[in-house]
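Here's the letter readout for the chains.
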Amino acid sequence: MIEVNPKNTKRAQCFEYFIDAPMPMLTAFKKIDVKSAVRLSKKGYRLNAILCYAVLKAAEKVDEFYFVLKDKKLFRADTLNVSVVVRAKTGEFLSCEIPCAKDFETFYRDYDRLMNEVYESGTSHEEKDGATIGTSAVLTGSI
């Protein structure tokens with residue numbers, strides 16, 4: 001991530017409003033038709049993984065998703081991740097960040113591997129790089 005001057009971005013006013021926020025975020029709402037995702041899930045893919053990938057691919061086109069506020073400074077990330085809440089086998093709720101991939105198959109393998117690691121280990125997984133998009137989905141049971 002590289003530090004950027006907020007005054008040189010479209011996020012300058014938001015930066016001023018949220019510089020002291022404990023968890024600053026951009027919220028986006030979009031109504032989408034998920035029929036094709038449901039059809040793909042019937043081929044054995046997890047519906048949540050398909051939807052997470054769709055969110056990442058849509059977010060790739062929106063510059064604002066790449067901005068991260070940290071230590072009262074604004075940074076621009078090169079990559080995106082998606083975060084899912086996982087209920088581990090211990091019952092604890094944990095976070096699992098999955099990096100965006102160029103293709104769905106790679107993303108799905110990472111999703112499956114990382115979700116299972118979090119479920120089994122009882123330890124959250126955070127990506128070191130990138131801006132993270134949170135989801136409100138809570139996955140329970142064996143991943």
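Overview of the structure. Note that the structure is predicted; figures quoted are calculated from it, not measured. (Residues numbered from 1 in each chain as written. Predicted model: local features only at pLDDT ≥ 70, side-chain atom pairs only at ≥ 80, totals over all residues. Heavy atoms only, no water.)

## Describing the pattern of salt bridges
To keep it simple, the criterion reads: Any Lys or Arg side-chain nitrogen located within 4 Å of an Asp or Glu carboxyl oxygen qualifies as a salt bridge. Helix and strand assignments come from DSSP, with helices taken as H or I runs of at least 4 residues and strands as E runs of at least 2, each series counted from the N terminus. Remark: exposure states derive from per-residue accessible area (1.4 Å probe, protein chains only) relative to the maximum for the residue type, with buried under 20%, exposed over 50%, and partly exposed in between.
Following the criterion strictly, the structure yields nine salt bridges and no others. In this structure, the salt-bridge partner of D112 is R46, at a minimum N-O distance of 2.6 Å. With D112 in helix α4 (residues 104-121) and R46 in the loop between α2 (35-41) and α3 (47-59), this residue pair connects regions lying 66 residues apart in the sequence. On the basis of relative accessible area, D112 is assigned to the partly exposed category, the value being 26%. Salt-bridge contacts for R113 lead to E117; the nearest nitrogen and oxygen are separated by 3.5 Å. In this pair, R113 and E117 are both assigned in helix α4, four residues apart and thus about one turn of the helix distant. On the basis of relative accessible area, R113 is assigned to the partly exposed category, the value being 42%. The class of E117 is partly exposed, set by a relative accessible area of 39%. Within the structure, one salt-bridge network assembled from shared partners comprises D110, R113 and E117.

## Looking at the pairing of strand β2 (residues 67-70)
Which entries qualify depends on this criterion: DSSP calls a pair of strands paired once it identifies at least 2 bridges connecting them.
In terms of strand pairing, β2 meets strand β3 (residues 73-76) through four bridges, oriented antiparallel. When the bridges of β3 are listed, K70 appears paired with K73. Counting the residues that bridge the hairpin from β2 to β3 gives two residues, and of these D71 lies at a positive phi of roughly 50°.

## As for the environment of T9
To keep things clear, this is the line we draw: The contact definition used throughout considers only heavy atoms, calling two residues in contact when any of these lie within 4.5 Å. Within 3.5 Å is the distance limit for a polar contact, defined as a pair of N or O atoms, with the added protein rule that one can donate a hydrogen and the other accept it, and that residues adjacent in sequence qualify only through two side-chain atoms.
Looking at the element boundaries, T9 is found in the loop between β1 (2-4) and α1 (12-18). Here the alpha-carbon distance between T9 and L74, two residues 65 residues apart in the chain, equals 9.9 Å. If we ignore the near neighbours within four places in the chain, the residues touching T9 are V4, F67 and L74. At 2.8 Å, the side chain of T9 and the backbone oxygen of P6 are in polar contact.

## Observations concerning the nonpolar core
The criterion, for reference: Side-chain atoms within 4.5 Å link the members of a nonpolar core, which is a set of buried Ala, Val, Leu, Ile, Met, Phe, Trp, Tyr and Cys residues.
Core analysis: the biggest nonpolar cluster contains 30 residues, and L80, C96, I98, F107 and M115 have the highest contact counts within it. Counting only elements with at least two residues in this core, the list comes to α3, β4 (80-87), β5 (93-99), α4 and β6 (131-139). Among the elements that line this core, the one with the most residues is α4, at eight residues. Once residues lying within four places of it in the same chain are set aside, the contact partners of I98 are L56, N81, V82, V84, F107, D110, Y111, L114 and M115.

## Examining the packing of α3 against α4
Rules: To get an axis, a line is fitted to the C-alpha atoms, and for a helix only the part in contact is used. The angle between two axes follows their N-to-C directions and goes from 0 to 180 degrees. An angle below 35 degrees is treated as roughly parallel, one above 145 as roughly antiparallel, one from 65 to 115 as roughly perpendicular, and anything else as oblique. Crossing handedness is read from the near helix: turned anticlockwise from the far helix by less than a right angle, it gives a left-handed crossing, and turned clockwise, a right-handed one. Residue type decides the class: Asp, Glu, Lys and Arg count as charged, Ala, Val, Leu, Ile, Met, Phe, Trp, Tyr, Cys and Pro as nonpolar, and the leftover types, Gly among them, as polar.
Packing of α3 against α4 brings their axes to within 10 Å, and their N-to-C directions diverge by 125°. Between α3 and α4, the angle falls in the class oblique. In this structure, α3 meets α4 at a crossing whose hand is right-handed. Between α3, through N48, A49, I50, C52, Y53 and L56, and α4, the contact on the second element is made entirely by F104, F107, Y108 and Y111. Here the contact of α3 with α4 is composed, by residue class, of nine nonpolar, one polar and no charged.

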